[in-house]
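Overview (structure and organization)
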Amino acid sequence: MIAPLPLADSLTQGVFVSALIFALATVAAALAYRPVGDLLRRQEHTFADILNRRLLLAVTPRSATVLTLVGVAVLAVGGFLITGGMLGAFLGAAVGIVLPPLVLRALAQRRLRRLEGQLVGGIQTLASGVRAGLNLVQSMQLVARDGPVPLRQEFIHLLREYEYGVPLEDAMGNAAQRIGSSDFRLLFSALLTHRERGGDLGETLDRIAASIREIQRLEARLDALTAQGRATARWLGAMPAVVMGILYLLVDPEGVIRLFTEGKLILFAVVLLNVIGFLWIRKIMSVDI
């Protein structure tokens, strides 16, 4: 007659614990709803800026955000399974959050460098079209038709805005803001000034091409002078991993394994300080003329 009482007490305790966990999860979800929503909106804005404006890709920011969340979940589960703890899950989730914007920004920077490298040739095409008797829009159509990618894409986008009723001045301003290059801003500012005040457009374009060519020569010279500092930053960033590999293979493998099992806090501090030092050196070496 007394045997069912412990079972009833255990059942009651289980129901209480489940209700408490459900209540805490509900409160946590309610408190995190607004910050998580703001974070997702900022992520979508970042994807829209990089994918649609700077890379001119027909990818919706919502799709990119959903794929990022799926990647975060997969990396978090993978980190948990590999390390057997929550630290691996957090590290995997952090990689999934940080990696996609970094990759997209690297692609955008690579495309911007290609655009700047093709700009002088595009200006010369504009000048040749003007000297052949074409107006500015017709000369831009030459670049949009015969220019290299991605310069051709930018002029196609500019002319499409113009064909849809946007004034040419506003279309050039939008292009300068979208590309985000000082060389393109110089070109479009000079073209806007010429449309307001007149003059020999072919000669103006030749002077702009010469100025941009000189600016790019100085930037290449500056990159050559700071190349050693950037290489030092890369070597210093890779040195802890190299030293760790040497210690594991040749000196003290048990100590390295113990560091990963019992010294995770020390390992995290080393990685954090290494990343800070790498970014600091890169910031010092990043000189803008």
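Within the protein chain, the secondary structure is distributed over 11 helices and 0 strands. Taken from the N to the C terminus, the helices and strands of the protein chain come in the order α-α-α-α-α-α-α-α-α-α-α. Considering only contacts in the protein chain between residues 6 or more positions apart, those separated by 24 or more positions represent 57%.

With that settled, the discussion passes to the packing of helix α9 (residues 227-251) against helix α10 (residues 253-262). At a minimum axis separation of 6 Å, α9 and α10 run at an interaxial angle of 135 degrees. Classed by the angle they form, the pair α9 and α10 counts as oblique. The residues of α10 that touch α9, namely those facing Met-244, Leu-247, Tyr-248 and Val-251, are Pro-253, Val-256, Ile-257, Leu-259 and Phe-260. When grouped by side-chain class, the residues that make up the contact of α9 with α10 number 9 nonpolar, no polar and no charged.

What follows covers the pattern of salt bridges. A complete count under the given rule lists 10 salt bridges for this structure. For Glu-44, the salt bridge identified is with Arg-62, shortest N-O distance 2.4 Å. Of this pair, Glu-44 sits in helix α1 (residues 4-54) while Arg-62 sits in helix α2 (residues 61-83); the two residues are 18 residues apart in sequence, bridging distant segments of the chain. Overall, Arg-62 belongs to the exposed group, its relative accessible area being 53%. Across the pair Arg-217 and Glu-214 runs a salt bridge whose closest N-O atoms are separated by 2.7 Å.

Take helix α8 (residues 201-225) next. Across its 25 residues, α8 extends 36 Å between first and last C-alpha, which sits within 8% of the 36 Å expected from 1.5 Å per residue. Those residues of α8 lying buried are Leu-201, Gly-202, Thr-204, Leu-205, Ile-208, Ala-209, Ile-212 and Leu-222. Along its buried surface, α8 packs onto α3 (86-131), α4 (136-146) and α7 (182-197). For α8, the N-terminal capping position is held by Asp-200, with its side-chain oxygen 3.2 Å away from the main-chain nitrogen of Gly-202.

Counting residues in hydrophobic clusters, the biggest one holds 33 residues, and the most contacted among them are Ile-123, Met-140, Leu-158, Leu-187, Phe-188, Leu-191 and Leu-205. The element that contributes the greatest number of residues to this core is α3, accounting for 8 residues. Once you skip the residues sitting within four places of it in the chain, Ile-123 turns out to touch Leu-187, Leu-205, Ile-208, Ala-209 and Ile-212. Listed in part, the 7 residues of the second largest apolar core include Phe-47, Leu-51, Leu-104 and Ala-108.

All right, on to the packing of α3 against α8 then. Where α3 meets α8, the closest approach of the two axes is 9 Å, and the angle between their N-to-C directions is 165 degrees. On the basis of their axis angle, the class for α3 and α8 is roughly antiparallel. In terms of crossing hand, the pair formed by α3 and α8 is left-handed. Within the contact between the two elements, α3 uses Glu-116, Gly-117, Leu-119, Val-120, Ile-123, Gln-124, Leu-126, Ala-127, Val-130 and Arg-131 and α8 uses Leu-201, Gly-202, Glu-203, Leu-205, Asp-206, Ile-208, Ala-209, Ile-212, Arg-213 and Gln-216. Counted by class, the contact of α3 with α8 contains 11 nonpolar, 4 polar and 5 charged residues.

Here we come to the environment of Leu-56. Take Leu-56: it is sitting in the loop between α1 and α2. Judged by its relative accessible area of 23%, Leu-56 falls in the partly exposed class.

A cluster of nonpolar side chains, Trp-235, Met-239, Val-242, Val-243, Ile-246, Leu-247, Tyr-248, Leu-249, Leu-250, Val-251 and Ile-257, forms an exposed patch at the surface whose accessible area comes to about 1,100 Å². Looking at the nonpolar patch, the element that brings in the most residues is α9, giving 10 residues. Tracing the backbone shows Val-242 in helix α9.

So, on to the confidence of the model for the protein chain. Confidence in the prediction of the protein chain, expressed as mean pLDDT, is 83, and 90% of residues score 70 or more. Summarising per-element confidence for the protein chain, the mean pLDDT is lowest in α1 (71) and highest in helix α5 (residues 151-163) (94).

What follows covers the environment of Pro-148. Structurally, the position occupied by Pro-148 is in the loop between α4 and α5. On the basis of relative accessibility, which here comes to 40%, the residue Pro-148 falls in the partly exposed class. It is 9.7 Å that separates the C-alpha atoms of Pro-148 and Arg-114, two residues lying 34 residues apart in sequence.

Another point: unusual backbone geometry. Note that the residue after Val-149, namely Pro-150, is joined by a cis bond; omega there is 10 degrees. Summarising the element assignment, Pro-150 is placed in the loop between α4 and α5. Residue Leu-56 is not a glycine yet carries a positive backbone phi of 55 degrees.

So, about the side chain of Ser-181. Relative to the elements of secondary structure, Ser-181 occurs in the loop between α6 (168-179) and α7. Given the relative accessible area of 1%, Ser-181 is considered buried. A polar atom in the side chain of Ser-181 sits 3.3 Å from the backbone nitrogen of Asp-183.

What counts, and where the lines are drawn
- Residues numbered from 1 in each chain as written.
- Predicted model: local features only at pLDDT ≥ 70, side-chain atom pairs only at ≥ 80, totals over all residues.
- Heavy atoms only, no water.
- Helix = DSSP H or I, 4+ residues; strand = E, 2+ residues; numbered from the N terminus.
- Contact = heavy atoms within 4.5 Å.
- Axes fitted to C-alpha atoms, helices over the stretch in contact; angles between N-to-C directions.
- Parallel < 35°, antiparallel > 145°, perpendicular 65-115°, else oblique.
- Nonpolar A, V, L, I, M, F, W, Y, C, P; charged D, E, K, R; others polar.
- Salt bridge = Lys/Arg side-chain N within 4 Å of Asp/Glu carboxyl O.
- Buried < 20%, exposed > 50% of the residue type's maximum accessible area, 1.4 Å probe, protein only.
- Expected span 1.5 Å × (residues − 1).
- Polar contact = N/O pair within 3.5 Å; in protein donor to acceptor, adjacent residues only side chain to side chain.
- Core = buried A, V, L, I, M, F, W, Y, C linked by side-chain atoms within 4.5 Å.
- Left-handed = near helix turned anticlockwise from the far one by under 90°.
- Patch = residues over 30% accessible without salt bridge, like charges linked within 9 Å, V, L, I, M, F, W, Y side chains within 5 Å.
- Areas by Shrake-Rupley, 256 points an atom, 1.4 Å probe, with all protein chains shown as cover.
- pLDDT = per-residue confidence, 0-100.

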